[in-house]
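Coordinates in review
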Amino acid sequence: MFWVIFFSLLLLMVVYLLLMPIVLCIDTIKNLYYIQLWGLAKASLQGDEEELIQVRFKVFFMDFSFYPLRKFDSKKGKRSKEVQVKEKRKRMSFRTGWRLLKTFKVKRFLLNIDTGNCISNAKLYPLFAFLNYRMGGFNINFQGRNQLVLHIQNRPIRIIGAFINF
């Protein structure tokens, strides 16, 4: 009975890991920049007063920060000088990359730009009008605002399927 419960919980966990959404959000209006494994982990990029940027990780109930622009302290730890053998990496074909790119779903997109030059804005206006007709979310303004909202979602099962299907 124990093994049945154990394997059923293990199977449920594997199914959840394959079907959980992976969310990438870039929102310059609200200053949100993060990637999230829904229900498991979240890595967000935030501004900091002392350092320029701070990467904050939330894994389950733990919360910790990392400063990527901070200098490496050579007194605390040294990098090993072992010789690393370079392996040949198999490159991904264009077809596989295109299938992988098609697995991503854009949930929300908004691009609102001002080039600072009214002539350039006027030249971009017909292009953005055409893109709005086909896709939507493109705006030109003459008020000096530059905004991007991008919310992309994918699932690991779709990513694996893009590599497996020929």
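Everything below is about the structure printed above this text.
None of these values were measured; they are calculated from a predicted model.

**Regarding the nonpolar core**
Counting five residues, the largest nonpolar core is built from Ile113, Phe128, Leu131, Phe138 and Ile140. Beyond its immediate stretch of four places on either side in the chain, Ile140 contacts Asn112, Ile113, Asn121, Leu124, Tyr125 and Phe128.

**Details of the environment of Ile159**
Relative to the helices and strands, Ile159 resides in helix H4 (residues 156–164). The contact partners of Ile159, leaving out residues within four places of it in the chain, are Leu100, Thr103 and Asn154.

**A closer look at the packing of helix H1 (residues 2–19) against H4**
H4 packs onto H1 with a crossing angle of 75° between their chain directions and a minimal axis gap of 5 Å. Looking at the two axes, H1 sits roughly perpendicular to H4. Contacts between H1 and H4 involve Leu17, Leu18 and Leu19 from the first element and Pro156, Ile157 and Ile160 from the second. Residue composition of the contact of H1 with H4, grouped by class: six nonpolar, no polar and no charged.

**As for the packing of aromatic side chains**
Scanning the entire structure with this criterion turns up eight aromatic pairs. Here the aromatic rings of Trp3 and Phe6 are separated by 5.9 Å at their centres, their planes lie at 90°, and the arrangement is edge-to-face. Separated by three residues within a single helix, Trp3 and Phe6 lie in helix H1, roughly one turn from each other. By relative accessible area, which is 38% here, Phe6 ends up partly exposed. Aromatic rings pair up to connect Phe2, Trp3, Phe6 and Phe7 into one cluster. For Lys42, the ring lying beneath its charged end belongs to Tyr34, and the centroid distance is 4.4 Å.

**Some words on the packing of helix H2 (residues 94–102) against H4**
Two packed helices can be described by the angle between their axes and the distance between those axes. Close contact between H2 and H4 brings their axes to 9 Å; oriented N to C, the two are set at 160°. Viewed along their axes, H2 and H4 adopt a mutual orientation that is roughly antiparallel. In this structure, the crossing between H2 and H4 has a hand that is right-handed. Counting all contacts with H2, which are made through Thr96, Arg99 and Leu100, the residues of H4 involved are Ile159, Ala162 and Phe163.

**Describing the side chain of Asp114**
When you line up the elements, Asp114 lands in the loop between strand S6 (105–113) and helix H3 (118–134). A polar atom in the side chain of Asp114 sits 2.5 Å from the side chain of Asn121.

**Things to note about the side chain of Asn121**
Here Asn121 lies in helix H3. From its side chain, Asn121 meets the backbone oxygen of Asn141 in a polar contact 3.3 Å long. Once you skip the residues sitting within four places of it in the chain, Asn121 turns out to touch Asp114, Thr115, Gly116, Ile140, Asn141 and Phe142.

**Here's the deal with unusual backbone geometry**
Of note, Asn31 is a non-glycine position whose phi angle comes to about 55°, a positive value. Here Asn31 is to be found in the loop between strand S1 (22–27) and strand S2 (32–37). Despite not being glycine, Phe60 has its phi angle at roughly 50°, a positive value. Relative to the helices and strands, Phe60 resides in the loop between strand S4 (53–59) and strand S5 (62–66).

**As for the pairing of S1**
Only one face of S1 is covered, namely the one carrying Val23, Cys25 and Asp27; the face carrying Ile22, Leu24 and Ile26 has none of its residues buried. When S1 meets S2, the two strands line up antiparallel, connected through six bridges. Its bridge partner being in S2, Val23 is matched across the sheet by Gln36. Between the antiparallel neighbours S1 and S2 lie four residues, among them Asn31 with a positive phi of about 55°. The pairing of S1 with strand S8 (residues 147–154) spans six bridges and is antiparallel. If you follow Val23 over to S8, its bridge partner there is Gln153.

Scoring rules and cut-offs
Residues numbered from 1 in each chain as written. Predicted model: local features only at pLDDT ≥ 70, side-chain atom pairs only at ≥ 80, totals over all residues. Heavy atoms only, no water. Core = buried A, V, L, I, M, F, W, Y, C linked by side-chain atoms within 4.5 Å. Buried < 20%, exposed > 50% of the residue type's maximum accessible area, 1.4 Å probe, protein only. Contact = heavy atoms within 4.5 Å. Helix = DSSP H or I, 4+ residues; strand = E, 2+ residues; numbered from the N terminus. Axes fitted to C-alpha atoms, helices over the stretch in contact; angles between N-to-C directions. Parallel < 35°, antiparallel > 145°, perpendicular 65-115°, else oblique. Nonpolar A, V, L, I, M, F, W, Y, C, P; charged D, E, K, R; others polar. Phe/Tyr/Trp six-rings, centres within 6.5 Å; stacked < 30°, edge-to-face > 60°. Lys NZ or Arg CZ within 6 Å of the ring centre and 35° of its normal. Left-handed = near helix turned anticlockwise from the far one by under 90°. Polar contact = N/O pair within 3.5 Å; in protein donor to acceptor, adjacent residues only side chain to side chain. Pairing = 2+ DSSP bridges.

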